[in-house]
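Next come the chains, spelled out residue by residue.
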Amino acid sequence: MSRLRALVALAALAVAGGLVAIIPSTAASAAACATPWQSSAVYTGGAQVSHSGRNYQARWWTQNEAPPGTTGVWQDLGACGGGSTPPPTGSCSHPNWVAGTWYAAGAIVRYTNGLYYIAEHDNPGYDPTISTWYWNPYSCNGTPPTSSPPPTNPGGFVVTEAQFNQMFPSRNSFYTYSGLVAALSAYPAFTKTGSATVQRQEAAAFLANVHHETGGLVHIVEQNTANYPHYCDSSQPYGCPAGQAAYYGRGPIQLSWNFNYNAAGNALGLPLLTNPWLVQNDAAVAWKTAIWYWMTQNGPGTMTAHHAMVNGAGFGETIRSINGSIECNGGNPAQVQSRVTRYQQFVGILGVPAGANLYC
């Protein structure tokens, strides 16, 4: 009997006898594809998803970062689906990026620096090297390019992701914990100065004010659109190149006014004066602007909020640095109390005392 006929006979016998015959094959050896990755979904450590014909497993909590990602959160488990969608080959032939061209999520382009980027969200041609919300680095073998900088996490944040989620249970998905951690590198002294208690008090103070300014990290932009045209100080030599009504409040501390966008952009190396929309489109940029204000600006007060927390002036002075007489000195005691109450709640979550001088 020929080998082929023997296999056919064996298969027939197995079916007739109610047995399952397992015949090795290339297609059968590949893993089935897990549930497809979704940008709006929250994934915790151990969760498995499929993306572009490959399976991935989350190492920790993540949202909005498509596999393979750039932070190391996704572990590549290999090709899936019977090998019907092989991993990208070693050479790319994707089109050059063109500013102002509409790109749908999943589009791959070659940027002017010779590197490739994949669109994680639909966008009207934003610069791939500026907006990490819309673009991620891409290489033809499906892993982040070796020329990409490693993810930045300077020793970890004093607030864990679980504590952050406890503080902001109803937050907008735009305000990611990973975006906050990525922004820490802009000012290494932020929540890294003084004792462990002082570091946690500063983190609680920052996040309490952020909670107040954004309704619990719900609002990305200022809600009163009637105010939008008022934030252009035309006496500044650089004017308002993005438009009269382009400098409204955005981000965790609601950055506003053209001079603040100009100063923040200069400090952070970002084109915020000409493209203020970056603050509402890129989570890391949004967090960086908030930390910039916290670390460098007195506002209507006499010291930065960072100085107030690490040098014993107290939480009340952070309120003064943000809103001054609008709230302090009896200006709006209910608003002050709202911030203080939130601060007391957050230091409780972090396990440290609130300290003195809570009011302004």
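In this text, all values refer to a predicted model and were calculated from it rather than measured experimentally.

## Brief notes about the sheet that holds strand 6 (residues 108-110)
Taken together, the 3 strands give an open sheet; going across it, the order is 6-7-8, and neighbouring strands pair in antiparallel fashion. Every interior strand has two partners, whereas the edge strands, strand 6 and strand 8 (135-138), have only one. Averaged over all adjacent pairs, the angle separating strand axes in this sheet is 35 degrees, with direction ignored. Sheet topology places strand 6 next to strand 7 (residues 116-119); 3 bridges connect them, and they run antiparallel. Considered in strand 7, the bridge of Arg110 is made with Tyr116.

## Some details on the packing of helix 5 (residues 196-214) against helix 11 (residues 333-350)
Interhelical geometry of helix 5 versus helix 11 gives an angle of 135 degrees and a closest axis separation of 8 Å. On the basis of the axis angle, helix 5 is oblique to helix 11. Every pair of crossing elements has a handedness; the one defined by helix 5 and helix 11 is right-handed. Here helix 5 contributes Arg200, Gln201, Ala203, Ala204, Ala205, Leu207, Ala208, Asn209, His211, His212 and Glu213 to the contact with helix 11, which in turn contributes Gln335, Ser338, Arg339, Arg342, Tyr343, Phe346, Val347 and Leu350. Taken together, the residues of the contact of helix 5 with helix 11 sort by class into 9 nonpolar, 6 polar and 4 charged.

## Notes on helix 8 (residues 283-296)
Along its 14 residues, helix 8 runs 20 Å from first to last C-alpha, staying within 8% of the 20 Å computed at 1.5 Å per residue. Among the 14 residues that make up helix 8, 12 are buried, leaving the element largely enclosed by the rest of the structure. Buried residues of helix 8: Ala283, Ala284, Val285, Ala286, Trp287, Thr289, Ala290, Ile291, Trp292, Tyr293, Trp294 and Met295, and no others. N-capping of helix 8 is provided by Asp282, with a side-chain oxygen placed 3.0 Å from the backbone N of Ala284.

## Examining the state of the cysteines
What we call a disulfide is simply a covalent bond connecting the sulfur atoms of a pair of cysteines. Under the definition given, this model contains 3 disulfides. Between the sulfur atoms of Cys33 and its disulfide partner Cys80 the distance amounts to 2.1 Å. Taking the torsion about the sulfur-sulfur bond, which here is approximately 85 degrees, the covalent link between Cys33 and Cys80 counts as right-handed. With Cys33 in the loop between helix 2 (26-29) and strand 1 (42-43) and Cys80 in the loop between strand 5 (74-79) and strand 6, the pair connects residues that are 47 residues apart, well separated along the chain. Across a sulfur-sulfur distance of 1.9 Å, Cys232 and Cys240 are joined as a disulfide pair.

## Some thoughts on the pattern of salt bridges
Within this structure, the stated rule accounts for 3 salt bridges. The salt bridge involving Glu317 is made with Arg320; its shortest N-O contact spans 3.3 Å. Here Arg320 and Glu317 lie together in helix 10 (residues 315-323), a separation of 3 residues that amounts to about one turn. A relative accessible area of 18% means that Arg320 is categorised as buried. Two residues, Glu327 and Arg339, come together in a salt bridge whose shortest N-O distance is 2.9 Å.

## Considerations on the sheet that holds strand 2 (residues 48-51)
Two modes of strand pairing occur in sheets, parallel and antiparallel, and in both the strands are linked by backbone hydrogen bonds. On the basis of which strands lie adjacent, the open sheet formed by 3 strands has the order 2-3-5 and antiparallel pairing. The open sheet has two edge strands, strand 2 and strand 5, and neither has a second partner. Strand-to-strand twist of the sheet, defined as the mean angle between neighbouring strand axes without regard to direction, takes the value 30 degrees.

Calculation notes
Residues numbered from 1 in each chain as written. Predicted model: local features only at pLDDT ≥ 70, side-chain atom pairs only at ≥ 80, totals over all residues. Heavy atoms only, no water. Pairing = 2+ DSSP bridges. Helix = DSSP H or I, 4+ residues; strand = E, 2+ residues; numbered from the N terminus. Axes fitted to C-alpha atoms, helices over the stretch in contact; angles between N-to-C directions. Parallel < 35°, antiparallel > 145°, perpendicular 65-115°, else oblique. Left-handed = near helix turned anticlockwise from the far one by under 90°. Contact = heavy atoms within 4.5 Å. Nonpolar A, V, L, I, M, F, W, Y, C, P; charged D, E, K, R; others polar. Expected span 1.5 Å × (residues − 1). Buried < 20%, exposed > 50% of the residue type's maximum accessible area, 1.4 Å probe, protein only. Polar contact = N/O pair within 3.5 Å; in protein donor to acceptor, adjacent residues only side chain to side chain. Disulfide = S-S within 2.5 Å. Salt bridge = Lys/Arg side-chain N within 4 Å of Asp/Glu carboxyl O.

So, to be careful, I would describe these as geometric facts and stop short of saying anything about function.
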